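Single-letter residue listing:
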Amino acid sequence: MKIGIIGGGQLAQMMIQAGASLGVSFALLALESDESATAICSEVHWVRGFGREGLASFVAACDLVTFDHELVDPAVIDSIPGAEAKVFPSARTLRLSANKARQREMLLATGIPSPEFLIAVDSEELRDAVRRIGYPAVAKAAHGGYDGRGVFYLGDPSDLDELLARLPGTFELIVEPRLELQAELAVLVARSRSGELSTYPVLRTVQLDSVCNEVWAPSGLDGQLEATALDYGRRIAEAVESVGILAIEMFVVNGEVLINELAPRPHNSGHLTIEACQSSQFENHLRGVMDLPLGPTSLSVPAAAMVNVLGPTEVVDLQAGLATLLSVPGARPHLYHKSYRRGRKLGHVTALGASVDDALAVAREGAAAALSTPAVREAL
Ligand SMILES: Nc1ncnc2c1ncn2[C@@H]1O[C@H](COP(=O)(O)OP(=O)(O)OP(=O)(O)O)[C@@H](O)[C@H]1O
Ligand SMILES: [Mg+2]
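Quantities reported herein were computed from a predicted structural model and do not represent experimental measurements.

What counts and how
- Positions within a chain are numbered from 1, following the residues in the order the chain's sequence is written.
- Each chain is given a letter, starting from A, and each ligand a number, starting from 1, according to the order in which they appear as written.
- At least 70 in pLDDT is required for a residue's local features to be given in this predicted model, at least 80 for side-chain atom pairs to be given and counted, and no such filter applies to totals for whole chains, interfaces and linings, which use all residues.
- Under this scheme, a helix contributes an axis fitted over its contacting stretch, all axes are lines through C-alpha atoms, and angles between N-to-C directions fall in the 0 to 180 degree range.
- Secondary structure follows DSSP: runs of H or I at least 4 residues long count as helices, runs of E at least 2 residues long count as strands, and numbering of each begins at the N terminus.
- Orientation categories follow fixed angle ranges, with anything under 35 degrees roughly parallel, anything over 145 roughly antiparallel, 65 to 115 roughly perpendicular, and all other angles oblique.
- Think of it this way: build a C-beta for each residue from its backbone, and any pair within 7 Å is a contact.
- Charged residues are taken to be Asp, Glu, Lys and Arg, nonpolar residues to be Ala, Val, Leu, Ile, Met, Phe, Trp, Tyr, Cys and Pro, and polar residues to be all remaining types, Gly included.
- Residue proximity rests on one test: whether the C-beta atom, placed from the backbone, lies within 6 Å of the molecule or strand.
- Delimitation of the domains relies on an automatic or database domain assignment.
- Whether two strands pair comes down to DSSP finding at least two bridges between them.

**Q** Any chance you could break down the packing of helix α1 (residues 10-20) against helix α11 (residues 281-290) for me, citing the residues and the numbers?
**A** Contact geometry for α1 and α11: axes closest at 8 Å, N-to-C directions at 75 degrees. Viewed along their axes, α1 and α11 adopt a mutual orientation that is roughly perpendicular. Contacts between α1 and α11 involve Met14, Met15, Ala18 and Gly19 from the former and Phe282, Glu283, His285 and Leu286 from the latter. Grouping the constituent residues of the contact of α1 with α11 by class yields five nonpolar, two polar and one charged.

Next up, the structure:
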């Protein structure tokens with residue numbers, strides 16, 4: 001069984017790590033040589049972009065194909081003969097879940113609450129949308145944004161002018177009120193091609209400058225709120241007919257759960273499932289794509305926490321930092337074979353514990369240790 005992964009980032013790396021024990025081999029469709037998974041995969045198909053030709057020959061070379069990111073046009077997938085039997089999640093799922101505007105329209109149609117929003121595709125519409133939503137607002141690129149790139153906070157008209165000056169000729173944005181968030185959650189749903197469905201425990205996430213920084217479970221939130229979040233997750237996975245992992249980011253505002261966005265793939269919020277659950281999100285993603293029985297998703301420990309290793313302002317030596325990180329008892333390292341860039345996700349650290357506080361303290365110490373050695377200037 002050879003599974004092709006479109007994209008070669010850290011999600012692909014961790015899929016390969018999980019798939020190896022299922023006897024799966026992998027091929028990658030990748031753009032750049034410093035993408036994480038290219039360091040550990042023997043078959044890499046290099047392309048300049050995710051156009052029809054490269055994608056068609058990649059699909060032909062693999063038994064099944066899945067995704068590390070959602071930068072592929074679903075219409076291109078539809079145009080490849082035989083893709084509907086090999087590429088999962090499907091082009092339909094991608095259409096509904098890889099674009100923030102389509103996600104929100106789908107949620108309106110299914111009656112699942114999300115923040116009030118308007119869609120803008122030109123400057124006139126953007127000005128009008130911000131006028132109707134009011135300040136403070138948030139404008140977000142409907143497609144292609146990640147890790148906060150594509151999220152613009154609009155506090156007053158000068159922010160709007162600045163955004164208008166930076167926008168490309170064609171764009172699609174959603175505009176919504178900047179909300180007072182009581183908490184952020186993620187629900188991960190695993191679903192197989194034949195429709196078996198399972199949810200992971202609700203994950204609590206903390207974003208720094210719009211980038212995921214910390215995650216823990218159990219979430220510590222009210223049981224009723226968790227039940228609502230899980231119910232929304234299941235209903236959304238059924239509505240988009242996801243295959244593999246569907247990640248659903250949620251806000252808690254005024255005690256209510258609102259859906260922020262979806263990602264039709266494994267997700268940063270679920271990295272702790274590698275150590276904390278019997279079957280990780282990566283393993284269940286592959287099981288779902290291969291249409292194998294899903295593995296158990298409940299926590300096998302009282303608590304777990306994950307802290308991202310994000311590129312700091314000063315250049316650091318991750319190799320030297322690894323020794324310090326490994327000296328923190330209980331800190332489990334995950335490094336992504338990535339070169340330093342400020343703000344870039346270079347890795348993450350997971351810790352298990354008797355309580356979230358215990359686990360979080362160790363994961364934080366581990367992540368800080370990974371970044372504790374400044375790079376020697378001559379080595380750069
Ligand atoms: N309407 C809002 N009000 C307040 N904060 C918001 C709002 N929308 C987004 N944010 C903050 O910005 C973060 C990133 O937003 P969002 O998830 O929409 O963007 P993204 O760049 O696609 O994220 P990701 O890295 O998950 O792909 C959210 O997790 C939240 O912390
Ligand atoms: Mg997000």
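Text resumes after the structure shown.
**Q** Describe the environment of aspartate 317, naming the residues involved and giving the relevant values.
**A** Among the structural elements, aspartate 317 can be located in the loop between β15 (303-310) and α12 (318-326). Along the backbone, aspartate 317 and alanine 37 are 280 residues apart, and their C-alpha atoms lie at a distance of 20 Å. In this view, aspartate 317 contacts Thr373, Pro374 and Ala375; residues no more than four positions away in its chain are not counted.

**Q** Tell me about the site of ligand 1, residues and numbers included.
**A** The environment of ligand 1 is formed by 19 residues, the closest being Val138, Tyr146, Leu179, Gln207 and Ser210. Among the elements of the structure, β6 (137-141) and β14 (256-263) are those that each provide at least two residues to the shell around ligand 1. Among the residues making up the shell around ligand 1, the classes are represented as six nonpolar, six polar and seven charged. When we break the shell around ligand 1 down by domain, the ones giving at least three residues each are domain 2 (116-177) and domain 3 (183-378).

**Q** Could you give me a rundown of the sheet that holds β6, with the residues and numbers involved?
**A** Taken in spatial order, the four strands of this open sheet run β5-β8-β6-β7, and their pairing is antiparallel. If you trace the sheet from one side to the other, it starts and ends with β5 (118-120) and β7 (151-154), each paired once. Geometrically, the sheet is characterised by an average inter-axis angle of 25 degrees between neighbouring strands, direction not taken into account. The sheet contact formed by β6 and β7 spans four bridges and is antiparallel. Within β7, the position partnered with valine 138 by the bridge is tyrosine 153. Across the sheet, helix α7 (residues 123-133) lies against β5, β6, β7 and β8 (173-177), angled at about 15 degrees from β8, the strand it touches most. Relative to the sheet, helix α8 (residues 157-166) contacts β6 and β7, its axis offset from that of β7 by approximately 150 degrees.

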